[in-house]
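# Architecture at a glance
Below are the chains, spelled out letter by letter.
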Amino acid sequence: ILNVEQSPQSLHVQEGDSTNFTCSFPSSNFYALHWYRWETAKSPEALFVMTLNGDEKKKGRISATLNTKEGYSYLYIKGSQPEDSATYLCAPNTSGTYKYIFGTGTRLKVLA
Amino acid sequence: NAGVTQTPKFQVLKTGQSMTLQCAQDMNHNSMYWYRQDPGMGLRLIYYSASEGTTDKGEVPNGYNVSRLNKREFSLRLESAAPSQTSVYFCASSEVQVQGTRYGYTFGSGTRLTVV
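What counts and how
Residues numbered from 1 in each chain as written. Chains lettered and ligands numbered in written order. Predicted model: local features only at pLDDT ≥ 70, side-chain atom pairs only at ≥ 80, totals over all residues. Heavy atoms only, no water. Helix = DSSP H or I, 4+ residues; strand = E, 2+ residues; numbered from the N terminus. Rg over C-alpha atoms; globule rule 2.2 N^0.38 Å. Buried < 20%, exposed > 50% of the residue type's maximum accessible area, 1.4 Å probe, protein only. Contact = heavy atoms within 4.5 Å. Areas by Shrake-Rupley, 256 points an atom, 1.4 Å probe, with all protein chains shown as cover. Lys, Arg positive; Asp, Glu negative; His and termini not counted. Charge placed at Lys NZ, Arg CZ, Asp CG, Glu CD. Buried area = accessible area lost by both parts, 1.4 Å probe. Salt bridge = Lys/Arg side-chain N within 4 Å of Asp/Glu carboxyl O. Polar contact = N/O pair within 3.5 Å; in protein donor to acceptor, adjacent residues only side chain to side chain. Nonpolar A, V, L, I, M, F, W, Y, C, P; charged D, E, K, R; others polar. Pairing = 2+ DSSP bridges. Axes fitted to C-alpha atoms, helices over the stretch in contact; angles between N-to-C directions.

### Quick look at the overall build of chain A
For chain A, the count of helices and strands is 0 helices and 10 strands. Along the chain direction, N to C, the helices and strands of chain A fall in the order β-β-β-β-β-β-β-β-β-β. Taken over the C-alpha trace, chain A has a radius of gyration of 13 Å; the compact-globule value for 112 residues is 13 Å, and the two agree within 12%. If one aligns the C-alpha atoms of chain A with their principal axes, the spans along those axes are about 40 × 30 × 20 Å. Here chain A holds 112 residues, and the buried ones make up 50% of them. Taking all contacts inside chain A whose residues are at least 6 apart in sequence as the whole, residues at least 24 apart take part in 55%. If you sum the accessible surface of chain A, you get close to 5500 Å²; carbon and sulfur atoms cover 44% of it. Side chains of chain A give 11 positive and 10 negative charges; the mean places of these two sets differ by 4 Å.

### Focus on the interface of chain A and chain B
In this complex, chain A contributes 22 residues to the contact, which on the side of chain B involves 25 residues. Taking both partners together, chain A and chain B bury about 1800 Å²; carbon and sulfur atoms supply 67% of that area. Between chain A and chain B we count 0 salt bridges in total. Our enumeration of links across chain A and chain B arrives at 3 residue pairs in polar contact (both at pLDDT 80 or more). Sorting the residues of the side of chain A that touches chain B by element identifies strand S4 (32–38), strand S5 (45–50) and strand S9 (86–93) of chain A as the ones contributing at least two each. Sorting elements by how many residues they give to the side of chain A that touches chain B places S4 of chain A first, with 4 residues. Taken together, the residues of the side of chain A that touches chain B break down into 13 nonpolar, 7 polar and 2 charged.

### Some points on the pattern of salt bridges
Residues and elements named next belong to chain A. Under the counting rule described, the total for this entry stands at 6 salt bridges over all chains. For Asp 84, the salt bridge is made with Arg 61, and the minimal N-O distance between the two is 2.8 Å. Of this pair, Asp 84 sits in the loop between strand S8 (72–77) and S9 while Arg 61 sits in the loop between strand S6 (56–59) and strand S7 (62–67), placing them 23 residues apart in sequence. Exposure remark for Asp 84: the relative accessible area of 4% places this residue in the buried category. What makes Arg 61 partly exposed here is its relative accessible area of 33%. Within this structure, Arg 37, Glu 39 and Lys 42 form a network of salt bridges that share partners.

### Topic: the sheet that holds S9 of chain A
All names here are of chain A. Strand order in this open sheet of 5 strands is S2-S10-S9-S4-S5, and the pairing throughout is mixed. The strands lining the two open edges of the sheet, one partner per strand, are strand S2 (10–14) and S5. Neighbour-to-neighbour, the strand axes of the sheet open up by a mean angle of 20°, direction not taken into account. As defined by bridge partners, S4 adjoins S5 across 5 bridges and the pair is classed as antiparallel. Residue pairing in the sheet places Arg 37 in a bridge with Glu 45 of S5.

### Observations regarding the sheet that holds strand S3 (residues 19–24) of chain A
Residue and element names in this part refer to chain A. Pairing within the open sheet is antiparallel, and its 5 strands lie in the order S1-S3-S8-S7-S6. The two strands at the open ends of the sheet, each matched to only one other strand, are strand S1 (5–7) and S6. Taking the axes of each pair of neighbouring strands and ignoring which way they run, one obtains an average angle of 15° across the sheet. Where S3 lies against S8, 6 bridges are found, and the strand directions are antiparallel. Counterpart to Thr 22 in the pairing with S8 is Tyr 74.

Below you can see the structure in the form of structure tokens.
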């Protein structure tokens, strides 16, 4: 079982601040990485699927980058809003099978 | 669009009882998955079904069985529930995975199971 680490575990920011989180994973045999947004009392929703080293994806104020050689991905939120409050999960696949392994997430709270 | 539907949403079982969690998807996805979510831990894969007619163990399969009834439905059975199986269970589905899959998983709304 590969070791997926997300940091920080939790984060409080003020509305309007920009922030970023890290997902670290073993760099060998990389296939793809998912980012999910998980709001309380809901189910995780896919944000990005990243596959290539150097990938950059963007959706509105949220963007992500991928470095497969060193085994990390960053998620950025520009100008955080209270509605961005959620847990952000990453799930890399480095096994070449159907198994994506989920990190424990970064819990973001945006204060109005 | 229903997406992934799980039933029931809540369940309380006594130790030793059995139950089946139902999951159905209407997106014509080939692959389906069962995860459990416990405090302080990431979603952990119990079983998955890459395609209709196949099932495989995930990280934490002990105490569970699954059935891929058809392309739409994937059920999870607890034969003899134990308190350690108290958890929130999520079903998910995805398109057939190849290297560099383009789409993430679609999750159901979860089943909160308590075993007393």
